Amino acid sequence: MPKKTAKAFAPGAISSFFEIFKTNPNNTPITNLQYIGAKGGGFGLKHGVHTKVTLEDATKNTIQTIINNQSAPEAKVTKNVTQIILNQTKKKYAVTVEHKIDVPVGIGFGTSAGGALTTGLALNEALNLSLTYNQIGKIAHIAEIESQTGLGTVSSLATGGGLILVIEPGAPGVCKIDRIPISPDYVVVAGFYDTKISKAILSSTKCRAEINRYGKETLVKIFDDPCVENFLSCCWQFAQNTGFASKRVSELVELAVKAGAVGATQNMIGEAVHAVVLEENAFSVVEAFKQVLPEKQVLKSKIDFQGARLVNNEEAV
């Protein structure tokens, strides 16, 4: 077989608040990984993860992963998804997975989930398998749980875009999604520091209980007035109540609002802020962030309304 390729794209996925679900109501661990997840909400971005999968016949399965033109043997989520899908066929392949990522990695832009889901979509296409979207989504979701790189982002990517609310946790097909309608005239301006916040806090029972208490309250308050302004206000309160908001994050939120954003809050979890602003005011917010950040740490993106999908071969990785 000559080389075969397929491509997929996943939006950058910003989580604005969350509530963790890893245990049953009786406090026993959930053992079926498709039911582990998070409630929460956030935005899909036109910037995100572009993935190209290339297959060649081989005598044994091999997997090579590349991120932004650099070999990435540490991309365990991508490898996990690839191996699970390769197990669906008896043939053997040399697989190369190339990710081009145009959002920051590791500070709350959903890149591991995006990489997992796009790998599954493109590999299913290249192998000419017959997996449904939700079946691929479950593989990606479980790979994220097993790799401890995320809880519920795959589900938000798999079910469209815009301003997304995950109101029941779990993998695609298990979770329940709602949306707050948002005008395409809005854009997201993000400012970020390159420090990564340790996710070890999520393994602490005490911290998880606090996060979940505030997360539950936040979702209720959002539904009291489901509009983008109230969403951002409630999420910013969540970031402060949980103690995630650093002094530098608070400064960015204040700068964004003063510059004309309808609201701003922190990425979950990273020392980063996303502001929602009308396109006509976006330059002012970008310039405000550049008062305290280098230009390369400020990102402006339109909002994506489609979610993760296959793309044609003309759309270069």
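Right above here is the structure, for reference.
## Thoughts on the packing of aromatic side chains
Right, on to step 1. Under the definition given, this model contains seven aromatic pairs.
Right, on to step 2. Arranged with centres 6.3 Å apart and planes meeting at 65°, the rings of F17 and F231 form a pair that is edge-to-face. Placement of the pair is F17 in strand β1 (residues 4-21) and F231 in helix α6 (residues 228-241), with a sequence separation of 214 residues. For the pair formed by F17 and F231, the shared burial category is buried.
Right, on to step 3. Ring centres of F238 and F244 lie 6.4 Å apart, and the angle between their planes is 55°; this geometry places the pair in the tilted category.
Right, on to step 4. A connected cluster of aromatic rings, assembled from ring pairs, spans F17, F18, F43, F231, F238 and F244.
Right, on to step 5. Between R213 and the ring centre of Y214, over which it is positioned, the NZ or CZ distance is 4.4 Å.

## Side note on the pairing of strand β2 (residues 37-57)
Right, on to step 1. Within β2, 16 of the 21 residues are buried, which leaves the element mostly enclosed by the surrounding structure.
Right, on to step 2. Relative to β2, β1 is paired through 17 bridges, and the arrangement is antiparallel. Bridge pairing in β2 places P11 opposite G48.
Right, on to step 3. In terms of strand pairing, β2 meets strand β6 (residues 163-168) through four bridges, oriented antiparallel. Paired with G40 across the strands is V166, a residue of β6.
Right, on to step 4. Relative to strand β5 (residues 93-101), β2 runs antiparallel, the two sharing nine bridges.

## Focus: the packing of helix α1 (residues 76-86) against helix α3 (residues 133-147)
To describe two helices that pack against each other, one gives the angle between their axes and the distance between the axes.
Right, on to step 1. Across the interface, α1 lies against α3 with an axial gap of 9 Å and an inter-helix angle of 135°. Classed by the angle they form, the pair α1 and α3 counts as oblique. α1 and α3 meet at a crossing whose hand is right-handed. Contact with α1, carried on its side by K76, V77, N80, V81, I84 and I85, involves I139, A140, A143, E144, E146 and S147 of α3 and no other residues of that element.

What counts and how
Residues numbered from 1 in each chain as written. Predicted model: local features only at pLDDT ≥ 70, side-chain atom pairs only at ≥ 80, totals over all residues. Heavy atoms only, no water. Phe/Tyr/Trp six-rings, centres within 6.5 Å; stacked < 30°, edge-to-face > 60°. Helix = DSSP H or I, 4+ residues; strand = E, 2+ residues; numbered from the N terminus. Buried < 20%, exposed > 50% of the residue type's maximum accessible area, 1.4 Å probe, protein only. Lys NZ or Arg CZ within 6 Å of the ring centre and 35° of its normal. Pairing = 2+ DSSP bridges. Axes fitted to C-alpha atoms, helices over the stretch in contact; angles between N-to-C directions. Parallel < 35°, antiparallel > 145°, perpendicular 65-115°, else oblique. Left-handed = near helix turned anticlockwise from the far one by under 90°. Contact = heavy atoms within 4.5 Å.

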